[in-house]
Amino acid sequence: MGAIDDFMKMLDRIPIWKRLGEVPSEVYDLKRRVADLEEKLGGKWPAEVCRYCGERAVRLMDHRGPDAHGIITELWTCGACQQTDRRPVKPR
Ligand SMILES: [Zn+2]
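Below you will find a few notes about this structure.

### Re the pairing of strand β2 (residues 56-64)
- Pairing geometry for strand β1 (residues 48-49) and β2, over two bridges, is antiparallel. For Val-49, the partnering residue across the bridge sits in β2 and is Arg-56.
- The hairpin formed by β1 and β2 contains six residues between the paired strands, and Gly-54 there has a positive phi angle of roughly 85°.
- Note that β2 and strand β3 (residues 72-78) share six bridges and pair antiparallel. Residue Arg-64 lies in a different strand from β3, and its bridge partner there is Thr-73.

What follows is the structure, given as structure tokens:
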């Protein structure tokens, strides 16, 4: 067993080998965090961040158009501060 122990000690001196030993716990932590985020979203498309209050609560409420130039105007409203934002969009 001495040769194996010596080999394992030698591997521990290689930085990438030590780093590989840390990967499984990091992957587990990331999986848990992704599951938490998915649960928070509850199957919904994530809301956008409000430019006024900073909350992630802006959702598309309505749209108008397209106008003569093909522009659609979207109405976005923040569920936290109720600010609205009209955004012209040119469909592809
Ligand atoms: Zn807001």
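What follows picks up the thread again.
### Some remarks on the pattern of salt bridges
- One pass over the full model with this rule turns up nine salt bridges.
- Between Arg-33 and Asp-29 there is a salt bridge; the shortest N-O distance is 3.7 Å. Residue Arg-33 and its partner Asp-29 are both found in helix α2 (residues 15-41); the two are separated by four residues, about one turn of the helix.
- Accessibility expressed as a relative area gives 27% for Asp-29, which makes it partly exposed.
- Across the salt bridge formed by Arg-64 and Asp-62, the nearest N and O atoms sit 2.7 Å from each other.
- Relative accessible area serves as the criterion here: at 55%, Arg-64 is assigned to the exposed category.
- Residue classification places Asp-62 among the partly exposed residues on the basis of a relative accessible area of 30%.
- Taken together, the shared-partner salt bridges in this structure form one network comprising Asp-29, Arg-32, Arg-33 and Asp-36.

### Some thoughts on the packing of aromatic side chains
- Per the stated rule, a full pass over the model turns up zero aromatic pairs.
- Against the face of Trp-76 rests Arg-87, its NZ or CZ located 4.4 Å from the ring centre.

### Quick look at the coordination of the zinc ion
- Protein coordination of the zinc ion is provided by Cys-50 (SG), Cys-53 (SG), Cys-78 (SG) and Cys-81 (SG), with donor distances spanning 2.3 Å.
- Because the angles between the four donor atoms bound to the zinc ion fall within 107 to 114°, the donor set is best described as tetrahedral.
- Here the donor residues for the zinc ion map to a single chain with the spacing C-x2-C-x24-C-x2-C. One end of the pair, Cys-50, is in the loop between β1 and β2; the other, Cys-78, is in strand β3, and 28 residues separate them in sequence.
- By relative accessible area, which is 1% here, Cys-78 ends up buried.

The rules behind each value
Residues numbered from 1 in each chain as written. Predicted model: local features only at pLDDT ≥ 70, side-chain atom pairs only at ≥ 80, totals over all residues. Heavy atoms only, no water. Pairing = 2+ DSSP bridges. Helix = DSSP H or I, 4+ residues; strand = E, 2+ residues; numbered from the N terminus. Salt bridge = Lys/Arg side-chain N within 4 Å of Asp/Glu carboxyl O. Buried < 20%, exposed > 50% of the residue type's maximum accessible area, 1.4 Å probe, protein only. Phe/Tyr/Trp six-rings, centres within 6.5 Å; stacked < 30°, edge-to-face > 60°. Lys NZ or Arg CZ within 6 Å of the ring centre and 35° of its normal. Donors = N, O, S within 2.8 Å, 3.2 Å for Na, K, Ca; no water. Tetrahedral: all angles 85-135°; square planar, octahedral: opposite > 155°, others 65-115°.

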